[in-house]
Amino acid sequence: MDKIFTQATVLIIPGLRDHVAEHWQTHLEARLETVRSVPPQTTDKLNCAKRVAAIQAELDQIEGPVILVAHSAGVLMAVHWAAQHPQYQAKIKGALLVTPPDLNQSWPDNYPSPEILRQEGWDPVPTQVLPFPSIVIGSTNDYLAHAEVVEAMANTWESEWVNLGEVGHLNPAAGFGYWPQAEDFIRQLDQIKIKTNV
């Protein structure tokens with residue numbers, strides 16, 4: 001496949017499972033010409049502050065505008081980052097925020113419990129309006145969050161809300177895999193004009 005060229009650098013923010021070979025974010029990284037990815041954490045993997053610091057460390061290496069592409073807990077990392085680093089937010093051209101989990105919902109046994117994540121600093125999830133354009137993607141059968149909860153998150157952040165229907169958690173277990181629609185959303189965000197020089 002041909003490479004995808006964007007004006008902004010795309011920063012991929014994986015969830016707690018970090019990099020999974022068959023994940024759509026991994027496929028996307030291979031397709032994009034100008035892209036970086038937050039590296040896997042080797043210690044304190046569930047610590048929110050360390051995850052946020054890893055995002056900032058990658059952004060420090062990027063010149064010019066950035067599009068954030070986050071999945072699952074990576075969405076929570078991104079909104080925590082935005083709340084803690086307002087001085088860098090003008091650098092963000094937009095964010096694609098895919099299937100954020102609900103910390104108030106019971107999760108399957110193969111996931112860390114929401115209680116543990118609360119102890120590691122993930123809760124409360126920031127509720128202020130995101131200061132950059134964003135698209136939140138949700139699902140009607142995501143086992144980590146009900147669609148109406150994710151829609152409420154989108155409304156709180158003043159994000160564009162897109163419900164894709166029965167796509168599960170939009171991960172390899174749900175058949176994603178290569179997800180070409182992600183490229184369309186990135187192109188949409190890449191067309192946005194930012195007023196502030198970065």
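Residues numbered from 1 in each chain as written. Predicted model: local features only at pLDDT ≥ 70, side-chain atom pairs only at ≥ 80, totals over all residues. Heavy atoms only, no water.

I tried to follow the pairing of strand β5 (residues 134-138) on my own but got confused; where do I start?
Residues in a regular strand project their side chains so that they alternate between the two faces of the sheet. The element β5 is largely enclosed, with a buried count of five among its five residues. Burial of the side chains of β5 extends over both faces: S134, V136 and G138 are buried on one face and I135 and I137 on the other. Across four bridges, the pairing between strand β4 (residues 92-98) and β5 is parallel. Within the sheet, the bridge partner assigned to A95 lies in β5 and is S134. (Buried < 20%, exposed > 50% of the residue type's maximum accessible area, 1.4 Å probe, protein only. Helix = DSSP H or I, 4+ residues; strand = E, 2+ residues; numbered from the N terminus. Pairing = 2+ DSSP bridges.)

How do you make sense of the pairing of strand β1 (residues 9-13) when you look at a structure like this?
Burial analysis of β1 places five of its five residues in the buried class, which makes it a mostly covered element. Of the two faces of β1, the one carrying T9, L11 and I13 and the one carrying V10 and I12 are both buried. Two strands pair when backbone bridges link them, and β1 and strand β3 (residues 66-71) are joined in this way by five bridges, in the parallel orientation. Looking at β3, one finds that V10 is bridged to I67.

Just to check I follow, could you spell out the sheet that holds β3 for this structure?
Within a beta sheet, neighbouring strands are joined by backbone hydrogen bonds and run either parallel or antiparallel to one another. Here we have six strands laid out as an open sheet, ordered β2-β1-β3-β4-β5-β6, and parallel in their pairing. Bordering the open sheet on either side are β2 (35-37) and β6 (160-163), each of which pairs with just one other strand. Looking at each pair of strands side by side, their axes are set apart by 15 degrees on average, direction ignored. Across the sheet, helix α1 (residues 24-31) is in contact with β1, β2, β3 and β4; its angle to β3 comes to roughly 155 degrees. Where helix α3 (residues 73-84) meets the sheet, it contacts β1, β3 and β4, and its direction lies at approximately 135 degrees from that of β3. (Axes fitted to C-alpha atoms, helices over the stretch in contact; angles between N-to-C directions. Contact = heavy atoms within 4.5 Å.)

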